[in-house]
Amino acid sequence: MAKPKRGKAASAKSREELRRENRQELERQKTRNKALSIILLVAVGVVIAVILSLTVFFKVTAVEVDASKSQYSAAQIRDASGIEEGDSLFLLDREKAAERISTKLPYTGEIIVKRSFPSKVKVFVEDSTVTAAVKYNDKYIVLNESNKVLATANNIDSLNSLVERQAKKKADASPKKAKKKAATTTTTTVTTTTTTTTVQTEPVTDANGMIVEPTTVADVVDIAGGEDIRNADPSVTIITGVKVQEAKVGYPLKAKNAKVFDTYKEIRAAMDRWGVHDITAVDLTKVTDIRLTYQQRITILLGSATGLDRKAAMCAKVLEEQNKVSTEQKGTIDLSIEGKAYFSEGGATTMTTTTTTTPLTTLVDGETTEVVTDVDGKPVSTTTASGTMTTGTTAASSTTGTGTTTAASTTATTQDPADIGG
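Cut-offs applied
Residues numbered from 1 in each chain as written. Predicted model: local features only at pLDDT ≥ 70, side-chain atom pairs only at ≥ 80, totals over all residues. Heavy atoms only, no water. Salt bridge = Lys/Arg side-chain N within 4 Å of Asp/Glu carboxyl O. Helix = DSSP H or I, 4+ residues; strand = E, 2+ residues; numbered from the N terminus. Buried < 20%, exposed > 50% of the residue type's maximum accessible area, 1.4 Å probe, protein only. Contact = heavy atoms within 4.5 Å. 1 Å grid on protein atoms, 1.4 Å probe; cavity = no way out; pocket = protein on both sides within 12 Å on 5 of 7 lines; lining within 4 Å. Points joined across faces, edges and corners; volume = space filled by probe spheres on them. Nonpolar A, V, L, I, M, F, W, Y, C, P; charged D, E, K, R; others polar. Pairing = 2+ DSSP bridges. Axes fitted to C-alpha atoms, helices over the stretch in contact; angles between N-to-C directions. pLDDT = per-residue confidence, 0-100. Expected span 1.5 Å × (residues − 1). Phe/Tyr/Trp six-rings, centres within 6.5 Å; stacked < 30°, edge-to-face > 60°. Core = buried A, V, L, I, M, F, W, Y, C linked by side-chain atoms within 4.5 Å.

A. Spatial organisation of the pattern of salt bridges. Applying the stated rule across the entire model yields 11 salt bridges. Across the pair E338 and R310 runs a salt bridge whose closest N-O atoms are separated by 3.8 Å. With E338 in the loop between β14 (331-334) and β15 (342-345) and R310 in helix α7 (residues 308-325), this pair connects stretches of sequence that are 28 residues apart. Several salt bridges converge on common partners, so that one network encompasses K317, E320, E321 and K324.

Below, the structure written as structure tokens:
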């Protein structure tokens, strides 16, 4: 049997295989290099395109302003935005532009800045509403719905005058009335003109409406009492108990007792959620004894801010029931006891002594026997006619300023208190 040959033939075959493998590896390497080159060229192209977009293309050529709901003109808003023709549309900081408008034109409220490709910026501005005033010493810091400082009023009369003027300006700037006004710029359909005023309750502005020297109030501590805040415009909430650190026109109010001011914000939010919008006063002098005033006729004893959402829900229900009795009903709602609501009829500022009514489960000839006790726990009255017993109903008796005692009953909530947040 012949043996397999070894030597040159075998060695030559191995070298051929090695050459083939080397050629294949070189081809693969060329393919990888080609792919990397393409990727690199694409990346360079993208970078060049971005640079050209930021520096050459997509530049701002126009700033269109919708001032139909603002007392400021389109030119004032455009100048305050700081946006200029030639700016890069991509590099535009819309939030900062809106902030500049808000601070330089303090009576602005909602501000929307949008890019409109390829080369326009659109700005929408709506005036703010005077919603609150923080009392400090003998003056009032006027705030809008976002707690931005609008102005400083020297007294109640000045505050009322400012609120009236701002309401009139908003009405004049409404779309229906604005259509009757002549357009003063080409970038907006209608505009209104603002003028400089010497009244101390408004910020000082130049001919273009720009703030010249924003008012700053620093290190001022609120003093309770003084002028009767019931004379204030009912659309404004007068806040007492907040210690002011800085009040700069066009900027949010800064309070030394920031937690107290936050409590006010939480109270307002909770009341708004449950449809209680006519709060005319909030007294935060004692955070454990918070007192509100509704429509300048009903005092609300909130106690602390604990369980705020539940208290707001019960307050809304009691107000609904009392407004059904009379839209001029006066009295006091006591929410200081967790989970309970008591209404005492009488003057909104009358100090009342509230006693609870405890229903018994015994029914006699269609009547519910109730035992009423005074503050010392002694029985006061006897039986109240009632066909059925209502779960969640509370009653209260109060001593008014005239010396007479009245009783009121109201349903605390329309749902199970366990279902109410807070």
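B. Spatial organisation of the side chain of N147. Among the secondary structure elements, N147 is positioned in the loop between β5 (139-144) and β6 (149-153). The class of N147 is buried, set by a relative accessible area of 14%. Look past the residues within four positions of N147 in its chain and what remains in contact with it is Y251, P252, L253, F261, Y264 and K265.

C. Structural view of empty space enclosed by the protein. Under the defined criterion, the tally for this structure stands at two cavities of 30 Å³ or more. If you go around the second largest cavity, the residues you meet are T237, Y264, I267, R268, M271, D272, V276, H277, I279 and V282. When contributions to the lining of the second largest cavity are tallied by element, the ones reaching two or more residues are α6 (258-273) and β11 (279-283). The element that contributes the greatest number of residues to the lining of the second largest cavity is α6, accounting for five residues. In terms of residue class, the lining of the second largest cavity is built from six nonpolar, two polar and two charged.

D. Main features of the sheet that holds strand β2 (residues 108-116). The mixed open sheet is built from three strands, whose spatial order is β1-β3-β2. Whereas interior strands pair on both sides, the edge strands pair on one side only; in this sheet they are β1 (62-69) and β2. With direction set aside, neighbouring strand axes in the sheet form an average angle of 15 degrees. Bridge analysis of β2 against strand β3 (residues 120-127) gives seven bridges, and the strand direction is antiparallel. Bridge pairing in β3 links V113 to V123. Sheet contacts for helix α3 (residues 94-104): β2 and β3; angle to β2, the most-contacted strand, approximately 145 degrees.

E. Highlighting the confidence of the model for the chain. Confidence in the prediction of the chain, expressed as mean pLDDT, is 74, and 65% of residues score 70 or more. Segment residues 176-226 is flagged for pLDDT under 50; beyond a separation of four residues in sequence, or across chains, it makes 124 contacts in the model. In the predicted structure, residues 348-422 sits below a pLDDT of 50 and forms 139 contacts with residues beyond four places in sequence or in another chain.

F. Focus on the sheet that holds β5. Spatial strand order, β6-β5-β4-β8-β11-β12-β13-β14-β15: nine strands in an open sheet with mixed pairing. Of all strands in the sheet, those bounded by a partner on one side alone are β6 and β15. Put simply, the sheet's adjacent strands are angled 20 degrees from each other on average, direction ignored. Lying over the sheet, α7 contacts β12 (290-294), β13 (298-303), β14 and β15, oriented at roughly 160 degrees with respect to β13.

G. The arrangement of the environment of N137 in detail. Mapped onto the fold, N137 is located in the loop between β4 (130-136) and β5. Residues N137 and N154 lie 17 residues apart in sequence; the distance between their C-alpha atoms is 9.8 Å.

H. Looking closely at α7. Given a rise of 1.5 Å per residue, 18 residues ought to cover 26 Å, and the 26 Å separating the end C-alpha atoms of α7 matches this to within 8%. Of all 18 residues that make up α7, 13 are buried, and the element is covered over most of its length.

I. Main features of the packing of aromatic side chains. Evaluation of the coordinates by the stated rule reveals four aromatic pairs. Centroid distance F58 to F117: 5.9 Å. Interplanar angle 85 degrees. Geometry classified as edge-to-face. You can see F58 sitting in the loop between α1 (8-55) and β1 and its partner F117 sitting in the loop between β2 and β3, a full 59 residues away along the chain. Taking relative accessible area as the criterion, F58 reaches 32% and is therefore assigned partly exposed. On the accessibility criterion, F117 (47% relative accessible area) is partly exposed. Ring plane angle 50 degrees and centroid distance 5.5 Å describe the contact between F90 and F117, whose orientation is recorded as tilted. One end of the pair, F90, is in the loop between α2 (74-81) and α3; the other, F117, is in the loop between β2 and β3, with 27 residues separating them in the sequence. By relative accessible area, F90 is classed as partly exposed at 38%.

J. Up close: the nonpolar core. Membership of the largest hydrophobic core comes to 40 residues, with the highest contact counts inside it found for I141, L253, L284 and L292. Apart from residues no more than four positions distant in its own chain, I141 is found in contact with A132, A133, V134, Y136, V149, A151, V244, A247 and L253. One finds V63, A80, L92 and A232 within the second-largest nonpolar core, a separate group that totals 35 residues.

K. A look at unusual backbone geometry. In this chain, F117 is followed by P118 through a cis amide linkage whose omega measures 15 degrees. Tracing the backbone through its elements, the reader meets P118 in the loop between β2 and β3. The phi dihedral of N147 is positive, around 65 degrees, even though this residue is not glycine. Residues other than glycine seldom take positive phi values, yet Q295 does so here, at roughly 50 degrees. Following the sequence through the fold, Q295 ends up in the loop between β12 and β13.

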